[in-house]
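If you want the building blocks of each chain, they are given just below.
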Amino acid sequence: MKNPHFVRIQKILGPLVRFLFPISLEGTENLPEDRPVMLCANHSSAWDPILFVAAIWTGYPLRIMAKKQLLRIPILGSILKAIGVFAVDRGNSDIQAGKTAIQSLKQGWNLLIFPEGTRVKDPGHAEVKGGAAMMAIRSGVDMVPMFIDTKKRLFHRVHIIIGRPYTPVYTGRKGTAEEYRANADEIMRRAYALGGIVCR
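Structure report, in brief. (Residues numbered from 1 in each chain as written. Predicted model: local features only at pLDDT ≥ 70, side-chain atom pairs only at ≥ 80, totals over all residues. Heavy atoms only, no water.)

## Side note on the overall build of the protein chain
Then, number 1: Counting its secondary structure elements, the protein chain contains 7 helices and 7 strands.
Then, number 2: Order of helices (α) and strands (β) in the protein chain, N terminus to C terminus: α-β-β-α-β-α-α-β-α-β-α-β-β-α.
Then, number 3: For 200 residues, the compact-globule estimate of 2.2 N^0.38 gives 16 Å, and the protein chain sits close to it at 16 Å.
Then, number 4: Put simply, the protein chain has 200 residues, and 48% of those count as buried.
Then, number 5: The contacts in the protein chain between residues at least 6 apart in sequence include a share of 72% that link residues at least 24 apart.
Then, number 6: A total of about 10500 Å² of accessible surface is found on the protein chain, and carbon and sulfur atoms cover 54% of it.
Then, number 7: Of the side chains in the protein chain, 28 bear a positive and 16 a negative charge, and the two mean positions are spaced by 7 Å. (Helix = DSSP H or I, 4+ residues; strand = E, 2+ residues; numbered from the N terminus. Rg over C-alpha atoms; globule rule 2.2 N^0.38 Å. Buried < 20%, exposed > 50% of the residue type's maximum accessible area, 1.4 Å probe, protein only. Contact = heavy atoms within 4.5 Å. Areas by Shrake-Rupley, 256 points an atom, 1.4 Å probe, with all protein chains shown as cover. Lys, Arg positive; Asp, Glu negative; His and termini not counted. Charge placed at Lys NZ, Arg CZ, Asp CG, Glu CD.)

## Focus: helix α7 (residues 177–194)
Then, number 1: With 18 residues, α7 should cover 26 Å at 1.5 Å per step; its first-to-last C-alpha distance of 26 Å lies within 8% of that length.
Then, number 2: Where α7 is buried, its residues touch β2 (37–41), α6 (131–139) and β6 (142–148).
Then, number 3: Positive backbone phi, at 75°, marks Gly196, one or two positions downstream of α7. (Expected span 1.5 Å × (residues − 1).)

## Topic: the sheet that holds strand β5 (residues 110–113)
Then, number 1: Strand order in the open sheet formed by 7 strands is β1-β7-β6-β2-β5-β3-β4, and the pairing between neighbours is mixed. Of all strands in the sheet, those bounded by a partner on one side alone are β1 (23–26) and β4 (85–88). Ignoring which end each strand starts from, the neighbouring axes of this sheet average 25° apart.
Then, number 2: Bridge analysis of β2 against β6 gives 5 bridges, and the strand direction is parallel. For Ala41, the partnering residue across the bridge sits in β6 and is Met146.
Then, number 3: Those strands touched by helix α2 (residues 47–55) are β1, β2, β3 (62–67), β5, β6 and β7 (158–162), and its axis lies near 75° from that of β7. (Pairing = 2+ DSSP bridges. Axes fitted to C-alpha atoms, helices over the stretch in contact; angles between N-to-C directions.)

## Here we look at the pattern of salt bridges
Then, number 1: Inspection of the entire model under this criterion finds 8 salt bridges.
Then, number 2: In this structure, Lys68 and Asp89 form a salt bridge, with 3.3 Å as the shortest nitrogen-oxygen distance. Here Asp89 lies in the loop between β4 and α5 (95–107) and Lys68 lies in helix α3 (residues 68–71), a separation of 21 residues in the sequence.
Then, number 3: Judged by relative accessible area, which is 23%, Lys68 ranks as partly exposed. (Salt bridge = Lys/Arg side-chain N within 4 Å of Asp/Glu carboxyl O.)

## Regarding the packing of α5 against α6
Then, number 1: At a minimum axis separation of 9 Å, α5 and α6 run at an interaxial angle of 40°. The orientation of α5 relative to α6 falls into the category oblique. Helix-helix and strand crossings are classified by hand; for α5 and α6 the assignment is right-handed. Note on element contacts: α6 touches α5 through Met134, Met135, Arg138 and Ser139, opposite Gly98, Ala101, Ile102, Leu105 and Lys106.
Then, number 2: Of the residues assigned to the contact of α5 with α6, the class counts are 5 nonpolar, 2 polar and 2 charged. (Parallel < 35°, antiparallel > 145°, perpendicular 65-115°, else oblique. Left-handed = near helix turned anticlockwise from the far one by under 90°. Nonpolar A, V, L, I, M, F, W, Y, C, P; charged D, E, K, R; others polar.)

## Notes on the packing of helix α1 (residues 4–20) against α2
In helix packing, the relevant descriptors are the interaxial angle and the interaxial distance, both defined with respect to the helix axes.
Then, number 1: Put simply, α1 and α2 touch, their axes get as near as 8 Å, and they point 105° apart. On the basis of their axis angle, the class for α1 and α2 is roughly perpendicular. In this structure, α1 uses Phe6, Gln10, Gly14, Val17, Arg18 and Leu20 to contact α2, whose residues at the interface are Trp47, Ile50, Leu51, Val53 and Ala54.
Then, number 2: Broken down by class, the residue content of the contact of α1 with α2 amounts to 8 nonpolar, 2 polar and 1 charged.

## Considerations on the packing of aromatic side chains
Then, number 1: Enumeration according to the criterion identifies 5 aromatic pairs in this entry.
Then, number 2: Summarising the aromatic geometry, the rings of Trp57 and Tyr60 are spaced 5.0 Å apart at their centres and angled 85° between planes, so their arrangement reads as edge-to-face.
Then, number 3: The class of Tyr60 is buried, set by a relative accessible area of 3%.
Then, number 4: Taken together, Phe52, Trp57 and Tyr60 form an aromatic cluster joined through their ring pairs. (Phe/Tyr/Trp six-rings, centres within 6.5 Å; stacked < 30°, edge-to-face > 60°.)

## Details of the side chain of Asn3
Then, number 1: Summarising the element assignment, Asn3 is placed in the segment before α1.
Then, number 2: A distance of 2.9 Å separates a polar side-chain atom of Asn3 from the backbone nitrogen of His5.
Then, number 3: Separated by 3.0 Å, the side chain of Asn3 and the backbone oxygen of Ala82 make a polar contact.
Then, number 4: Aside from chain neighbours lying at most four places away, what touches Asn3 is Ala82, Ile83, Gly84 and Trp109. (Polar contact = N/O pair within 3.5 Å; in protein donor to acceptor, adjacent residues only side chain to side chain.)

Structure representation (structure tokens):
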């Protein structure tokens, strides 16, 4: 499944982004081809999702959860919506965003999410939200840890490393809030470990 608008943006902006930030993408063999996954990445810059979109192969079936303020920006918001980005209200329990995420995963789309909920200045020290694990559990998909370089400078190589899929551990049919938090903490521990950072 492909989003033609997503493919078009990749072809137009991908070369420019890769020129500004040469990208090294490792671990693509960890992305299953027969089922969707939730990509869980650290977040240090607004460039993070753009860099991944520019790095991954053209037409990769992907949706991205982003803060609602981005989708309210004229023109940019329309472009983001067209390529499959959907909004989340980070300050509240956004039920609709959760439903959209779960539905997208069940439909076969991969989902890029930043479980820390916001850009982090002190890598490995942010409070991780349990929502990411909840959505993965309720949609029945694995979580894939991903590390994106925290230091980005123009014309300097940026490393993106994709880890092995992680199956959330939980009890019962839907799990508990404590289990959501524990799984979210674990996936971010694994994401940061890919970059040699120890979570505290």
